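In case you want the letters, here they are:
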Amino acid sequence: MEISSFLLPKDQVAFITSSMSMLQALEQLEQHHYTAIPIIDAEAKYIGTLSEGDLLWQLRKTPGLTFDNMQEVMVSEIQKHVHNESVLINAQMEDMLTLAADQNFVPVIDDSGMFLGIIRRKDIIEYYTRNITD
């Protein structure tokens, strides 16, 4: 089976850009009920994942930072504490499954690093649950 069969395409995935503010990132997480969200750069390349924890750590370590002035901090300035590895669209299933064991979602990229979408661990589990034979 190809990993592309599990792909939730970019146009169906919420993501943020590195040039967004911390407030905009928080709003995206809240709007989509996510605990983490992919980050892409201006060229639509995957550059990392931002988590709720990253936002909390930024609040804690930045004197004077409040919900009222979060728009002054850019996503690119926030230290990321979790590194979600990406997988190439033509990777082997084993590569994707190894990453999915430790990540809620696996970002999928092409050979040039362009963000294509994600594979959700939930979808993998549901697929294997439906297709298990005793």
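Heads up: the structure comes first, above all this text.
Since the structure is predicted, the reported quantities are computational estimates derived from the model, not experimental observations.

> Describe the overall build of the protein chain, with residues and values.
Looking only at helices and strands, the protein chain features 4 helices and 7 strands. Listing every helix and strand of the protein chain by position from the N terminus yields β-β-α-β-β-α-β-α-β-β-α. Summarising its shape, the C-alpha atoms of the protein chain cover approximately 55 × 35 × 20 Å along the three principal directions. Going through the 134 residues of the protein chain one by one, you find that 40% of them count as buried. In the protein chain, of all internal contacts separated by at least 6 residues, the share reaching a separation of at least 24 is 51%. As displayed, the protein chain has an accessible area near 8,000 Å², and 52% of this comes from carbon and sulfur atoms.

> Lay out the nonpolar core with the relevant residues and their values.
If you look at the biggest cluster of nonpolar residues, it comprises 15 residues, and the most contacted ones within it are Ile 16, Met 22, Ile 37, Leu 50, Leu 55, Val 75 and Ile 78. Listing elements by their share of this core, those giving two or more residues are helix H1 (22-32) and strand E3 (36-40). For this core, the leading source of residues is H1, giving 3 residues. Met 22 has contacts with Leu 55, Gln 58, Leu 59, Leu 65, Met 70, Val 73, Val 75 and Ile 78, leaving out every residue within four places of it along the chain. Listed in part, the 12 residues of the second largest apolar core include Ile 3, Phe 6, Val 87 and Val 106.

> Break down the sheet that holds strand E1 (residues 8-9) for me, citing the residues and quoting the values.
The strands making up a sheet associate through hydrogen bonds between their backbones, and the pairing can be parallel or antiparallel. Strands sit in the order E1-E7-E6-E5 across an open sheet of 4 strands; the sheet is mixed. The sheet is open, and its two edges are formed by E1 and strand E5 (87-88), each paired on a single side. Across 2 bridges, the pairing between E5 and strand E6 (residues 105-109) is parallel. Following the sheet pairing, Val 87 is matched in E6 by Val 108. With respect to the sheet, helix H4 (residues 121-131) is in contact with E6 and strand E7 (115-120), its orientation differing from that of E7 by roughly 50°.

> Please set out the sheet that holds E3 residue by residue, giving values where relevant.
If you trace the 3 strands from one edge of the open sheet to the other, you get E2-E3-E4, paired in mixed fashion. Of all strands in the sheet, those bounded by a partner on one side alone are strand E2 (16-17) and strand E4 (46-51). Pairing of E3 with E4, which is carried by 5 bridges, proceeds in the antiparallel orientation. Paired with Ile 39 across the strands is Gly 48, a residue of E4.

About the cut-offs
- Residues numbered from 1 in each chain as written.
- Predicted model: local features only at pLDDT ≥ 70, side-chain atom pairs only at ≥ 80, totals over all residues.
- Heavy atoms only, no water.
- Helix = DSSP H or I, 4+ residues; strand = E, 2+ residues; numbered from the N terminus.
- Buried < 20%, exposed > 50% of the residue type's maximum accessible area, 1.4 Å probe, protein only.
- Contact = heavy atoms within 4.5 Å.
- Areas by Shrake-Rupley, 256 points an atom, 1.4 Å probe, with all protein chains shown as cover.
- Core = buried A, V, L, I, M, F, W, Y, C linked by side-chain atoms within 4.5 Å.
- Pairing = 2+ DSSP bridges.
- Axes fitted to C-alpha atoms, helices over the stretch in contact; angles between N-to-C directions.

By themselves, these are just geometric observations and shouldn't be taken as functional.
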